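Topology and contacts: notes
Each chain is listed here by its residues.
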Amino acid sequence: MAKASAGATNPYAKSGVRIVVAGDRGTGKSSLVVTAAAENFPTNVPPVLPPTRLPEDFFPDRVPITIIDTSSRVEDDYKVAEELKRADAVVFTYACDEPTSLERLSTFWLPKLRKLEVKVPVIVVGCKLDLRDENQQVSLEQVMSPIMQQFREIETCIECSALKQIQIPEVFYYAQKAVLHPTGPLFDQETQTLRPRCVRALKRIFILCDHDRDGALSDAELNDFQVKCFNAPLQPSEIVGVKRVVSEKLPEGVNDRGLTLTGFLFLHALFIEKGRLETTWTVLRKFGYNNDIKLAEDLIPSTSKRAPDQTVELTNEAIEYLKGIFELYCISPDGELGPHEIGDIFSTAAESPWERQPYVDVAQKNAFGGLSLDAFLSMWAFMTFLDPAWSMENMIYVGYPGDPLSAFRVTRKRRLDRKKQHTDRNVFQCFVFGPKKAGKSALLNSFIGRYFSDKYTSSAEEHYAVNVVDEPRGTKKTLILREIPEDGVGKLLSDKESLAACDVAVFVHDSSNAFSWERATELLVEVASHGEDTGFEVPCLIVAAKDDLDSFPMAIQNSTRVSQDMGIEAPIPISTKLGDLNNIFRRIVSAAEHPHLSIPETEAGRSRKQYHRLINRSLMVFSVGAAVAIVGLAAYRVYAARRNSSS
């Protein structure tokens, strides 16, 4: 494979590179800058140069460079720090004839950069090479190796002479290259291996180029890859040469069908080791990757233009594709995907999306961490609901063949669903409210098949559980339970749109504890009032948990009164300990499917409605009266006109 061509366009490159030059007094900073710009050694150099610009055609990448010279005076330390913070790359200088200036790099300048939390590539430059003692036989590698081991941010070390015009342009070429084609995201210098995210991206590229899906790039496929990335075909002899290099170093990198994935990865590791990072970066960028080795944002269509009470779901087309992925990777006789297979599915993604919160342990798994088809699809539905852009990005990573937008649909506004008394949603979110020790977490755990535990664990964090609910008519709906900690209700309701994404709310109380009941009803009133004030009313259910215990006195009378007063269903008794859940999850889905029912009404809400009815009635009476008056006036005018004509 060829190098990236000079001047190749890079849609994700920077529009300019800012290089800051710093170091001790007398190490040759300013002379280095002037000589690079003027291409001759200056006789008189000011202490600090103004910003110096190198034109875009100075180097093959055609990106202009701005070089910032800095002062070595102690009183200018603050200014130097500010410039370092704005740098894209830093050049630290030392004098080849002054060993103490080299020591200062590791004792002062490099620690200073870390203290400022500046994380940019560093180029270490030994200036005044012409003044170094000729008897000094120590190589640059021997000198710099210990420092580079300690400070991994050092990208390159180079020696130069402004007076003799030795390697001056190379200093800023390497600095620019370190910014435009950084080593860090691609290669781990310590282990001398490709970084995981780079491997994942290259694997995806390999699969996309392996058109016949035989696990190897044939000569024709290699040539197509070369043309796509570098706009130039490979000669047959070049293809033979590439495969020979790989097979000599790594026999399994080539087989009778062509270059294997192992060989493809080896080639890129070889390019990087030889300093040809621009080759790998050109490939990555050609396939849409940015400098973080993730798909660039402009390649991921947006679904952000939607109302607060609209959500995003997978289309049937996307679901069928994911079912095919499941069947392709599921090799277990129990029909479930193990952790290893799930890792394989996402091996071409920037990272495994379900290994971070809130996706960890949110779905039902078997004893070995495996997912059934329903659990696998519910995880995708949950990710799509929570973060559509993240779901779309991962859909692209796993090879969805069509337009990414065809995999997603935006639901109708829930307010309109309530007006039409029907919803076509397939994914519902239920907020689970309740006081501490009411049984909220136990409800979520039972939903995803976890065993009941008497051990109480208090948590201030929200938790999720997601699963598929089978309905009596044979259809399936995905239900997301979101546990709201008691202490987090105030924060949640401080947002006017907090209930917009809620399809149904459940209020759990300990049926053996009167205080738990009182607090649950208080929360019910708070949430109902918030819905009435914001227009995002939600169907509500009351769950009487711990039904295996004796109910508190007056439980039936109190619950009946609250249910009747607020116009909702009586509390649903359940016992997660005994596994008697009373079809609670089907009931939750049913309530969500009827968005106009089970909406609680507070006293304030009733008064507001009565007031509006009174106003509407008054307006109607006024309108009728005005209409009668107008009709009467018209009749009188007709009568008067007729009388005048008869006279």
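Residues numbered from 1 in each chain as written. Predicted model: local features only at pLDDT ≥ 70, side-chain atom pairs only at ≥ 80, totals over all residues. Heavy atoms only, no water.

1. Describing the overall build of the protein chain
Of the regular secondary structure elements, the protein chain holds 21 helices and 19 strands. Against the globule reference of 26 Å for 647 residues, the protein chain gives a C-alpha radius of gyration of 35 Å, more extended than a compact globule. In terms of overall dimensions, the protein chain has C-alpha extents of about 120 × 85 × 60 Å along its principal axes. Buried positions account for 47% of the 647 residues belonging to the protein chain. Taking the intrachain contacts of the protein chain between residues at least 6 apart in sequence as the baseline, contacts between residues at least 24 apart amount to 71%. Side chains of the protein chain carry 76 positive and 86 negative charges; the gap between the two charge centres is 7 Å. (Helix = DSSP H or I, 4+ residues; strand = E, 2+ residues; numbered from the N terminus. Rg over C-alpha atoms; globule rule 2.2 N^0.38 Å. Buried < 20%, exposed > 50% of the residue type's maximum accessible area, 1.4 Å probe, protein only. Contact = heavy atoms within 4.5 Å. Lys, Arg positive; Asp, Glu negative; His and termini not counted. Charge placed at Lys NZ, Arg CZ, Asp CG, Glu CD.)

2. Quick notes on the confidence of the model for the protein chain
Looking at the protein chain, pLDDT values average 90 and 91% of them are 70 or higher. Confidence drops under a pLDDT of 50 for residues 3-9, and excluding neighbours within four residues, the segment shows eleven contacts in the predicted structure. (pLDDT = per-residue confidence, 0-100.)

3. Some points on the environment of I480
Inspection of the secondary structure assignment puts I480 in strand 16 (residues 476-483). Since its relative accessible area comes to 0%, I480 is described here as buried. Separated by 16 residues in sequence, I480 and Y464 place their C-alpha atoms 6.9 Å apart.

4. Observations regarding the packing of helix 6 (residues 196-209) against helix 9 (residues 261-273)
It is at 10 Å that the axes of helix 6 and helix 9 come closest, and there the two elements cross at 125°. Considering their axes alone, helix 6 and helix 9 lie oblique with respect to each other. The handedness of the crossing between helix 6 and helix 9 is right-handed. Of the residues in helix 9, those in contact with V199, L202, K203, I205 and F206 of helix 6 are L261, F264, L265 and H268. Residues belonging to the contact of helix 6 with helix 9 are distributed by class as follows: seven nonpolar, one polar and one charged. (Axes fitted to C-alpha atoms, helices over the stretch in contact; angles between N-to-C directions. Parallel < 35°, antiparallel > 145°, perpendicular 65-115°, else oblique. Left-handed = near helix turned anticlockwise from the far one by under 90°. Nonpolar A, V, L, I, M, F, W, Y, C, P; charged D, E, K, R; others polar.)

5. Observations concerning the packing of aromatic side chains
Using the criterion set out here, one finds 18 aromatic pairs in the structure. Note on W354 and W380: the rings are 6.0 Å apart at their centroids and 75° apart in plane angle, and the pair reads as edge-to-face. Here W354, found in the loop between helix 12 (339-345) and helix 13 (373-386), pairs with W380, found in helix 13; they are 26 residues apart in sequence, far enough to count as distant. One exposure class covers both W354 and W380, and it is buried. Relative to F585, the ring of F447 has its centre 4.5 Å away and its plane inclined at 40°; by these criteria the two rings are tilted. You can see F447 sitting in helix 16 (residues 440-447) and its partner F585 sitting in helix 20 (residues 584-593), a full 138 residues away along the chain. (Phe/Tyr/Trp six-rings, centres within 6.5 Å; stacked < 30°, edge-to-face > 60°.)

6. Digging into the sheet that holds strand 11 (residues 258-260)
Strand order in the open sheet made by the three strands is 9-11-10, with antiparallel pairing throughout. On the outer flanks of this sheet lie strand 9 (216-217) and strand 10 (254-255), each paired with one strand and no other. Note that strand 9 and strand 11 share two bridges and pair antiparallel. By the bridge assignment, L217 is partnered in strand 11 with L259. (Pairing = 2+ DSSP bridges.)

7. Side note on helix 14 (residues 388-397)
Counting buried residues along helix 14, nine of its ten residues qualify, which places the element largely inside the surrounding structure. Buried within helix 14 are the following residues: P388, W390, S391, M392, E393, N394, M395, I396 and Y397. Buried residues along helix 14 sit against helix 6, strand 12 (312-314), helix 11 (316-329), helix 13 and strand 13 (408-410). At the exit of helix 14 stands G399, carrying a positive phi of roughly 95°.

8. Some details on the pairing of strand 18 (residues 540-545)
A large share of strand 18 lies buried, amounting to six of its six residues. Of the two faces of strand 18, the one holding C540, I542 and A544 and the one holding L541, V543 and A545 are both buried throughout. In the sheet, strand 17 (residues 504-510) pairs with strand 18 via six bridges, with the strands oriented parallel. Bridge pairing links H509 to A544 in strand 18. The parallel pair strand 17 and strand 18 is bridged by helix 18 (residues 514-534), and the resulting crossover is right-handed. As paired elements, strand 18 and strand 19 (residues 572-573) share two bridges and run parallel to each other. Bridge assignment links V543 to a residue of strand 19, and that residue is I572. Handedness of the crossover joining strand 18 and strand 19 through helix 19 (residues 555-566) is recorded here as right-handed. (Right-handed = clockwise from strand over helix to strand, strands pointing away.)

9. With respect to a negative patch on the surface
On the surface, D454, D547, D548 and D580 cluster together to form a negatively charged patch. The class for D580 is partly exposed, based on a relative accessible area of 42%. (Patch = residues over 30% accessible without salt bridge, like charges linked within 9 Å, V, L, I, M, F, W, Y side chains within 5 Å. Areas by Shrake-Rupley, 256 points an atom, 1.4 Å probe, with all protein chains shown as cover. Salt bridge = Lys/Arg side-chain N within 4 Å of Asp/Glu carboxyl O.)

10. As for the state of the cysteines
For the structure on display, the rule yields zero disulfides. With no disulfide of its own, C157 lies 11 Å from the sulfur of C96, the closest cysteine sulfur. A residue is classified by how much of its surface remains accessible, and C157, at 17% relative accessible area, is buried. As a non-bridged cysteine, C160 has C127 as the owner of its nearest cysteine sulfur, 4.1 Å distant. When its relative accessible area of 1% is taken as the criterion, C160 is described as buried. (Disulfide = S-S within 2.5 Å.)

11. Considerations on helix 18
In a regular helix each residue adds 1.5 Å, so 21 residues correspond to 30 Å; helix 18 covers 31 Å between its end C-alpha atoms and thus fits that length. With a side-chain oxygen positioned 2.9 Å from the backbone nitrogen of F515, the residue opening helix 18 is N513. Where helix 18 ends, the next residue or the one after it, G535, has phi of about 85°, a positive value. (Expected span 1.5 Å × (residues − 1). Polar contact = N/O pair within 3.5 Å; in protein donor to acceptor, adjacent residues only side chain to side chain.)

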